[in-house]
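Here is how the chains run, residue by residue.
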Amino acid sequence: MYKRFIALFLTLNVFACAELQQVVDSLPQSGGGLGNADIASGLRQALDLGIDKQVAKLTQKDGFYKNELVKILLPEELKKVDKTLRNIGLSSLADDGLKLLNRAAEDAVKEATPIFVNAVKGITFNDAKNILLGDDNAATTYLTSKTQIELYNKFKPVINNSFSKVGADQIWNTLITKYNGLPLTTDVNPDLTDYVTNEALKGVYTMIAVEEKEIRNKVSSRTTDLLKKVFALQD
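Every value quoted in this text rests on a predicted model; they were computed, and no experiment measured them.

S.K.: What is the right way to look at the packing of aromatic side chains in this model?
M.R.: Tallying each qualifying case throughout the model produces 1 aromatic pair. On the basis of an interplanar angle of 75° and a centroid distance of 6.2 Å, the ring pair of F116 and Y205 is categorised as edge-to-face. Here F116 is found in helix α5 (residues 113–121), whereas its partner Y205 is found in helix α9 (residues 192–217), with 89 residues between them in sequence. Of the residues examined, Y205 reaches a relative accessible area of 8% and is grouped as buried. One Lys or Arg, K71, reaches over the ring of Y65 and ends 4.6 Å from the middle of that ring.

S.K.: So what exactly am I meant to see when it comes to the environment of N67 here?
M.R.: Following the sequence through the fold, N67 ends up in the loop between α2 (36–58) and α3 (76–87). By relative accessible area, N67 is classed as buried at 18%. Each C-alpha atom, one on N67 and one on K57, is 9.5 Å from the other, the two residues being 10 residues apart in sequence. Within polar-contact distance, the side chain of N67 engages the backbone nitrogen of L69 at 3.0 Å.

S.K.: I keep staring at helix α8 (residues 168–180) and nothing clicks. Help me out?
M.R.: Note on helix geometry: an α-helix contains 3.6 residues per turn, so any two residues three or four positions apart are oriented the same way. For α8, built from 13 residues, the straight-helix expectation of 18 Å at 1.5 Å per residue is met to within 8% by its first-to-last C-alpha distance of 18 Å. Of all the residues in α8, the buried ones are A168, I171, W172, L175, I176 and Y179. Along the axis of α8, the buried positions cluster into a sector of 120°, meaning they face one direction only. Of the exposed residues in α8, those oriented more than 90 degrees away from the buried face are Q170, N173 and T177.

Cut-offs and rules
- Residues numbered from 1 in each chain as written.
- Predicted model: local features only at pLDDT ≥ 70, side-chain atom pairs only at ≥ 80, totals over all residues.
- Heavy atoms only, no water.
- Phe/Tyr/Trp six-rings, centres within 6.5 Å; stacked < 30°, edge-to-face > 60°.
- Helix = DSSP H or I, 4+ residues; strand = E, 2+ residues; numbered from the N terminus.
- Buried < 20%, exposed > 50% of the residue type's maximum accessible area, 1.4 Å probe, protein only.
- Lys NZ or Arg CZ within 6 Å of the ring centre and 35° of its normal.
- Polar contact = N/O pair within 3.5 Å; in protein donor to acceptor, adjacent residues only side chain to side chain.
- Expected span 1.5 Å × (residues − 1).
- Arc of directions from axis to C-beta.

Laid out in structure tokens, this is it:
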């Protein structure tokens, strides 16, 4: 009985996807209806909203540090450093070190918007159709594939410079030097610039995915007529 139920569920799911695909494929190419250009424009609007509403938050003070979805924590090799320093009364210094990692990410994200805007402009109808038929983060996945390498290359020097600007390099040099000077510890020397760059990227895509999911699942989040019409196709 269980196997029959699973088979029935999969069959219905295939039919549902096929039906949605048929609806999208049958849309007019032009004219007064919802055409290919409209669908692509609707997906661009959805991504633009994610960038405007969510990514912009990350550029504010504590945009990373006070957002539990994206807060940058310590890499594994530094967790023992953090714990050891707190045990010897250096909690304040450890807190400052963690906060400054997040400050550097906030600085870097300010460089992201132009790169995202260019990627969003490039969405074709075929891209839009695949996104519309995809899962809750299909648009975010598309944007990731188009921007990740360029953003990494853009973020890394900004984060490196930001470490100097906000004093993170001095703080962490002090922390790591103190830790490495303790007896019975193994020296650590992590690449914090690379680590924070990758964590900043994760944070950006996480926040875009938040907005995409809202638009897909809540009609009230579709703030334009075009968004309402396009995403009604996947409801």
